[in-house]
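Close look at the chain arrangement
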Amino acid sequence: MEYEAAVKGPLKLKGTANKDIQKKLKKKNKEKAKNDGESSKAKEQNETPQSYKQPVVKTKAQLKFEQMKEEQQKKRILEKASKTHKQRVEEFNRHLDSLTEHFDIPKNATAVKDNQLTDLKESELKEIRNPLRFPDYFGVSNLFRLKDLFDAKVHYGHKEGTLHPNMKPYIFGSRLGHIIIDLDKTTELLQDALNFTAHIAYRGGIILFVSHYPQHTLTVEKAAKEAGEYAHAREWDFHLLTNSEKVYNGVTRLPDLIIMVSTLNPQMQEHTAINDAAKMCIPTIGIVDSNSNPNLITYPVPGNDDSPTAVQLYCNLFRDAILLGKAKKSEVPSS
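Parameters at a glance
Residues numbered from 1 in each chain as written. Predicted model: local features only at pLDDT ≥ 70, side-chain atom pairs only at ≥ 80, totals over all residues. Heavy atoms only, no water. Helix = DSSP H or I, 4+ residues; strand = E, 2+ residues; numbered from the N terminus. Buried < 20%, exposed > 50% of the residue type's maximum accessible area, 1.4 Å probe, protein only. Contact = heavy atoms within 4.5 Å. Areas by Shrake-Rupley, 256 points an atom, 1.4 Å probe, with all protein chains shown as cover. Axes fitted to C-alpha atoms, helices over the stretch in contact; angles between N-to-C directions. Parallel < 35°, antiparallel > 145°, perpendicular 65-115°, else oblique. Left-handed = near helix turned anticlockwise from the far one by under 90°. Nonpolar A, V, L, I, M, F, W, Y, C, P; charged D, E, K, R; others polar.

So, about the overall build of the chain. The number of helices and strands found in the chain is 12 helices and 10 strands. Scored against the burial criterion, the 335 residues of the chain give a buried share of 37%. Taking as baseline every contact in the chain between residues at least 6 positions apart, the subset at least 24 positions apart corresponds to 63%. By element, 51% of the accessible surface of the chain is carried by carbon and sulfur atoms, the whole surface being about 22,100 Å².

Here the focus is the packing of helix H7 (residues 183-202) against helix H12 (residues 308-331). Closest axis-to-axis distance for the H7/H12 pair is 7 Å, and the angle between their directions is 40°. With respect to each other, H7 and H12 are oriented oblique. Crossing angle aside, the handedness with which H7 passes H12 is right-handed. In contact with Leu-190, Ala-193, Leu-194, Thr-197, Ala-198, Ala-201 and Tyr-202 of H7, H12 contributes Leu-317, Phe-318, Ala-321, Ile-322, Gly-325, Lys-326, Lys-328 and Lys-329. Its residues placed into classes, the contact of H7 with H12 shows 10 nonpolar, two polar and three charged.

Okay, here's the thing in C-alpha cells:
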C-alpha cells in the first residue's frame, strides 16, 4: 500500500486501502476542520472591525488633562529661558566695563546691585536693559543642538541636478546622488533667525507663518496658534500684501515678520509671498532647500523643507522663540 502526504491539508491515500483506515482518516480530517472553524470564530469575536468601533468621546476630565499638558509645555519653555539667566548676567557684567565712565560705577564692581539701580535714571536703566546690547538676550542658542537637526533629517537635499546656483555656499557635498546641506552653517543662520523672531515678539510685532504644502498645513497652523500668532497655509492671493486696503476695505496692519516654512509651492515655483514681502519691505525668514533661491529672503535658513520631522522641528523652534520673547516682555516693568 502506498501513501502520499501533502504539505498542507489532510492526508490522502494513493491506490486501494482498507475501509477502516479510510474511516480513521476521515474522522481526523473532520476534527481538524472543526478545530480550525472554532479558532477562526473566536478570533472574529475578539477582533472587532474598525467600522464597528464606537467614536471616542472625550470627557471634561480628559479635556482638562490636555489643557494641563499644554500649560506644562509652556512652563518648560520658560524654564529653559530661566536656565540661561546666569549666562545673561555674565554677559551683562562684561558690558559694565564700557559703561563705567558714563554712569560713574566703580570699576571693581562685578555686578549691579539694587542700590546702584535706584540711583540711576530711567533713561539709563532702559539703556542697560536694552536687549540689543546682548548677542543672545533670550537664550535662543539653548533651544536646539546640531544633533537635533541631524536627527530631524535637515541635512537631506534634493538630487544633484536640481541644485540652485545661489545655494552652493550652504552645501557640504553629495552622497549617492543626493545633496547634503552643511549643518554648521544651518545652526548659525537658524540661531540668528530665532533671535530676530524673539526680538520681534518682544517688541509686540505681528508674525505670520506661511506655507503652501497641504501635508504641513496642520503643523504650521498648530504652531502659530500655540504661539499666539497668525498662519496662512492655503493658496496665496497676490493681493494680500500689495493691495490689502482694497481687499479688506480699510486700513490694515501688515505683518512685521513672515516665516516661510517652505519657499516653494507644490509646483516647485517660488512662493508669491516672497516677492510681495520684498516689495512691501517686510522682513522674511525662509527655509531654503537645495533647489530654492535665497536671494530675496532676509534670514535664509538652509535645510530640508519636505520631511515632516524637519518641518515639525522648525515650527517648534519658532514657536518657542516667540514665547520666550513674549515672556521676557512681561518681566519688564511698565513705565
